[in-house]
Amino acid sequence: MARDVSFFDRLGSLLAQEREAEKARLTSLAQGLTLREREEQGLSVLKASW
């Protein structure tokens, strides 16, 4: 099924909006957590000290 090029332009735009929203959500979430909590959520990686 052939698609108009505008379909892909719109899809790309929606994906970019979704990425930005997710980035903002993760930034907001990370600001309210301790470093340990961020690691537990997979938002950061702590280097093990030996």
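Here, the structure is the one placed above.
So, how was this worked out
Residues numbered from 1 in each chain as written. Predicted model: local features only at pLDDT ≥ 70, side-chain atom pairs only at ≥ 80, totals over all residues. Heavy atoms only, no water. Salt bridge = Lys/Arg side-chain N within 4 Å of Asp/Glu carboxyl O. Helix = DSSP H or I, 4+ residues; strand = E, 2+ residues; numbered from the N terminus. Buried < 20%, exposed > 50% of the residue type's maximum accessible area, 1.4 Å probe, protein only. Phe/Tyr/Trp six-rings, centres within 6.5 Å; stacked < 30°, edge-to-face > 60°.

A closer look at the pattern of salt bridges
Argument step 1. Summed over all chains, the structure comprises two salt bridges.
Argument step 2. The shortest N-O distance in the salt bridge between Glu22 and Arg25 comes to 2.9 Å. Residue Glu22 and its partner Arg25 are located together in helix H1 (residues 5–31), separated by three residues, close to a single helical turn.
Argument step 3. We classify Glu22 as partly exposed; its relative accessible area is 35%.

Considerations on the environment of Glu18
Argument step 1. By secondary structure assignment, the location of Glu18 is in helix H1.
Argument step 2. Taking the relative accessible area as the measure of exposure, Glu18 reaches 53% and is therefore exposed.
Argument step 3. Separated by 29 residues in sequence, Glu18 and Lys47 have C-alpha atoms that sit 30 Å apart.

A closer look at the packing of aromatic side chains
Argument step 1. For the structure on display, the rule yields one aromatic pair.
Argument step 2. Considering the side-chain rings of Phe7 and Phe8, the 5.1 Å spacing of their centres and the 85° angle between planes classify their relative orientation as edge-to-face.

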